[in-house]
Amino acid sequence: MLSERRLEVLRAIVHDYVGTEEPVGSKALTERHHLGVSPATVRNDMAALEEEGFIAQPHTSAGRIPTDKGYRLFVDRLAGVKPMTPPERRAIQNFLDGAVDLDDVVGRTVRLLAQLTRQVAVVQYPSLTRSTVRHVELLSLAPARLMLVLITDTGRVEQRMVDCPAPFGETSLADLRARLNSRVAGRRFSDVPQLVQDLAESFDKDDRGTVTTVLSTLLETLVEETEERLMIGGTANLTRFGHDFPLTIRPVLEALEEQVVLLKLLGEATDSGMTVKIGHENAHEGLSSTSVVSVGYGSGSEAVAKLGVVGPTRMDYPGTMGAVRAVARYVGQILAES
């Protein structure tokens, strides 16, 4: 265990290095921070921190920089994240309140996160495996052609065309719509197949073919849409941190192009708490010089997806964590009200 004083020295090194991008020396630390000890004591503390792997000497410079292990301890021992100011909170709310549908909510969230944190923002669409059906609408387009519209509790809307084996009248359509919604509205996607398996048999023989076709289309939609989708923005922000990536920025950009990698990075949506993965804690080699801050969001107490940011390990962790948490909270409110 580090003593409180050495932890204070580590915090000061992280703070200065994140702010100045320059390796930090003991003289500068003593001048900038009220550590209450002599420069010689600070030098001793820095030597101990270096020996334990919390800081390192990048080159022949007299200064030191935090290692992944140092950042990890800094984050683990944070007293709290930096709260958003009232004007920032109002700006977030006003920007997100203008969204017209789910795609717009996700798009605005990505832009907002990238702007607030000046990092790469990643937002996962609400997962349909954890969603519930709000309503299924059936519309007649022609005597033997219908449109099926599936609306989820997170505001996601999916439309499919259904070609019926025979003409299907308005009365039969209204009957199917009512019976279908009475079974599936408010229910989990994963429960739907079982809930509708005997529905076709309860209709007249003449209508069963069409009812079966409609149900097949609905179930296909559920299966297709369990594929996870995400949106990414602010990649250009990485170019501001060129010197933070040891060799080149290319491996980071290549990793960010792989959706599977990003979904793994964000982690399981069921784990809704704040997660910070630093440097080599990220399994993907291309991201070993980055940190990922993510959190779950949802319309109720349960998270339906994750959002977060990717940036260099030299990151303003309290500020980034505060911004990510605040945005997730507002997105959750919007989904709850939609």
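Reading the values: rules and limits
Just so you know, the residues in each chain are numbered from 1, in the order the chain's sequence is written. Side-chain atom pairs in this predicted model are given and counted only at pLDDT of 80 or more, local residue features only at pLDDT of at least 70, and totals for whole chains, interfaces and linings cover all residues. Derived side-chain values reflect all non-hydrogen atoms in the structure, with water molecules and hydrogen atoms excluded from consideration. UniProt positions are given in the numbering used here, feature names are shortened, and annotations may be inferred rather than shown by experiment. Numbering of helices and strands runs from the N terminus; a helix is a DSSP stretch of H or I covering at least four residues, while a strand is a stretch of E covering at least two. Among buried residues, those of type Ala, Val, Leu, Ile, Met, Phe, Trp, Tyr and Cys that are joined through side-chain atoms within 4.5 Å constitute a nonpolar core. In this scheme, a residue with accessible area under 20% of its type's maximum is buried, one over 50% is exposed, and one in between is partly exposed, where area comes from a 1.4 Å probe on protein chains only. Note on definitions: a residue-residue contact is assigned when non-hydrogen atoms from the two residues lie within 4.5 Å. A pair of strands counts as paired when DSSP detects no fewer than two bridges linking them. To define axes, lines are fitted to C-alpha atoms, for helices over the stretch in contact only, and angles between the resulting N-to-C directions are given on a 0 to 180 degree scale.

**Student:** Go over the UniProt feature "domain: HTH deoR-type" (unreviewed entry) in the chain, please, and point to the residues and values.
**Tutor:** Under the present numbering, the feature "domain: HTH deoR-type" (unreviewed entry) in UniProt falls on residues 34-62. Between the C-alpha atoms that bound residues 34-62 there is a distance of 21 Å. The span itself is 45% helix and 7% strand.

**Student:** Outline unusual backbone geometry, listing residues and values.
**Tutor:** Despite not being glycine, Glu21 has its phi angle at roughly 65°, a positive value. Assignment of secondary structure puts Glu21 in the loop between helix H1 (4-20) and helix H2 (26-32). With phi around 55°, Arg118 is a residue other than glycine that occupies positive phi space. Mapped onto the fold, Arg118 is located in the loop between helix H6 (102-117) and strand E3 (120-124).

**Student:** I'd like to hear about the nonpolar core, residue by residue, with values.
**Tutor:** Counting 57 residues, the largest nonpolar core has Leu29, Leu307 and Tyr317 as the members making the most contacts within it. The element that contributes the greatest number of residues to this core is helix H12 (residues 317-337), accounting for 11 residues. Leu29 has contacts with Val9, Ala12, Ile13, Asp16, Val24, Leu35, Val42 and Met46, leaving out every residue within four places of it along the chain. Core analysis: the second largest hydrophobic core is formed by 24 residues, Val136, Leu176, Val192 and Leu222 among them.

**Student:** Just give me the short version of the sheet that holds E3, but keep the residues and values in it.
**Tutor:** Ordered in space as E7-E3-E10-E9-E8, the five strands form an open sheet in which the pairing is antiparallel. The strands lining the two open edges of the sheet, one partner per strand, are strand E7 (230-233) and strand E8 (275-278). The mean inter-strand angle of the sheet, taken between neighbouring strand axes irrespective of direction, is 15°. Pairing of E8 with strand E9 (residues 290-297) involves four bridges; the strand directions are antiparallel. Paired with Thr275 across the bridge in E9 is Ser294. Against the sheet, helix H11 (residues 259-266) contacts E3, E7, E8, E9 and strand E10 (305-312), and its axis sits at roughly 95° relative to E7.

**Student:** Describe the pairing of strand E4 (residues 133-142), with residues and values.
**Tutor:** As paired strands, E4 and strand E5 (residues 145-152) are joined by eight bridges and run antiparallel to one another. Within E5, the residue paired with Leu138 across the bridge is Leu148. The hairpin turn running from E4 into E5, its antiparallel successor, is two residues long.

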